[in-house]
Amino acid sequence: MEQTSNIENLSFKESKYATGRRKKSIAKVWLKKGSGKIIVNGKNYEDYFKRLNHKSEITKPFEIINQTTSYDVKCSVKGGGHSGQVGAMIHGISKALLQFDSTLKPTLKKEKFTTRDSRSVERKKYGHRKARRSFQFSKR
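As a starting point, this report considers the structure included with it. Every value quoted in this text rests on a predicted model; they were computed, and no experiment measured them.

Cut-offs and rules
Residues numbered from 1 in each chain as written. Predicted model: local features only at pLDDT ≥ 70, side-chain atom pairs only at ≥ 80, totals over all residues. Heavy atoms only, no water. Pairing = 2+ DSSP bridges. Helix = DSSP H or I, 4+ residues; strand = E, 2+ residues; numbered from the N terminus. Contact = heavy atoms within 4.5 Å. Axes fitted to C-alpha atoms, helices over the stretch in contact; angles between N-to-C directions. 1 Å grid on protein atoms, 1.4 Å probe; cavity = no way out; pocket = protein on both sides within 12 Å on 5 of 7 lines; lining within 4 Å. Points joined across faces, edges and corners; volume = space filled by probe spheres on them. Nonpolar A, V, L, I, M, F, W, Y, C, P; charged D, E, K, R; others polar. Buried < 20%, exposed > 50% of the residue type's maximum accessible area, 1.4 Å probe, protein only. Core = buried A, V, L, I, M, F, W, Y, C linked by side-chain atoms within 4.5 Å.

Here we come to the sheet that holds strand 3 (residues 38-40). Strand order in the open sheet formed by five strands is 1-2-5-3-4, and the pairing between neighbours is mixed. The open sheet terminates on both sides in strands that have one partner only, identified here as strand 1 (16-22) and strand 4 (43-44). In this structure, strand 3 lies alongside strand 4, joined through two bridges in antiparallel fashion. Bridged to Val40 within strand 4 is Lys43. The sheet contacts of helix 5 (residues 82-100) involve strand 1, strand 2 (25-33), strand 3 and strand 5 (71-78), and relative to strand 1 the element is tilted by about 145°.

A word on the layout of surface pockets. Vacant regions in the atomic arrangement are exposed by a probe of water-molecule size rolled over the atoms. Considering only enclosed or pocket space, the largest pocket measures out at about 380 Å³ in volume. Along its surface, the largest pocket is lined by 19 residues, and Arg22, Gly87, Ile90, Lys112 and Asp117 are the ones closest to its centre. The element that contributes the greatest number of residues to the lining of the largest pocket is helix 5, accounting for six residues. For the lining of the largest pocket, the residue count by class is three nonpolar, six polar and 10 charged.

On a regular strand, each side chain points to the face opposite its neighbour's, so the side chains alternate between the two faces of the sheet. Summarising the sheet, strand 2 and strand 5 pair through eight bridges and their orientation is antiparallel. By the bridge assignment for strand 5, Ile26 is matched with Lys78. Here strand 3 runs beside strand 5; their pairing, made up of three bridges, is parallel. By the bridge assignment for strand 5, Ile38 is matched with Val73.

With respect to the helices and strands, the residue Arg116 is situated in the segment after helix 6 (105-110). We classify Arg116 as partly exposed; its relative accessible area is 38%. In the structure, Arg116 is positioned 68 residues away from Tyr48 in sequence and 23 Å away in space, judged by C-alpha atoms. What Arg116 contacts, discounting residues up to four positions off in sequence, is Arg21, Arg22, Lys23 and His91.

Our focus in this paragraph is the nonpolar core. By size, the foremost hydrophobic cluster in this structure holds 27 residues, and its most contacted members are Met89 and Leu97. Those elements that provide at least two residues to this core are strand 2, strand 3, helix 2 (45-48), strand 5 and helix 5. At eight residues, the largest contribution of residues to this core is made by helix 5. Once residues lying within four places of it in the same chain are set aside, the contact partners of Met89 are Ala27, Val29, Ile38, Val40, Phe49, Ile58, Cys75 and Val77.

Following this line, the structure appears as structure tokens:
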């Protein structure tokens with residue numbers, strides 16, 4: 001119970017805000033100087049995301065700029081699945097980092113964290129089983 005009260009006590013008054021998007025997910029990110037805590041929807045990010053690759057992807061923007069424990073992140077994520085939510089968080093964290101220090105833009109842009117990944121699910125077409133997959137052809 002101590003952990004949840006500790007999470008709620010973090011103040012984000014002097015923080016920078018950015019919005020990140022990926023697929024159907026939208027992440028509202030508040031970033032401030034701190035000790036490296038990452039909170040997603042009121043939970044620690046290690047509790048919220050179960051897969052190891054999701055956990056490591058979230059910290060990538062900080063690893064690239066060599067400041068893994070210098071910022072605290074509070075994030076509220078809606079929509080999509082976990083992969084889309086992670087992508088939205090990375091986008092939002094990178095945009096908020098640029099508000100703190102604009103000299104980081106070339107390094108973050110090289111890793112494609114500042115641009116929104118516009119790839120989305122293609123819609124299903126009529127006369128097809130999926131977006132591009134047709135029904136099985138039967139000659140007779």
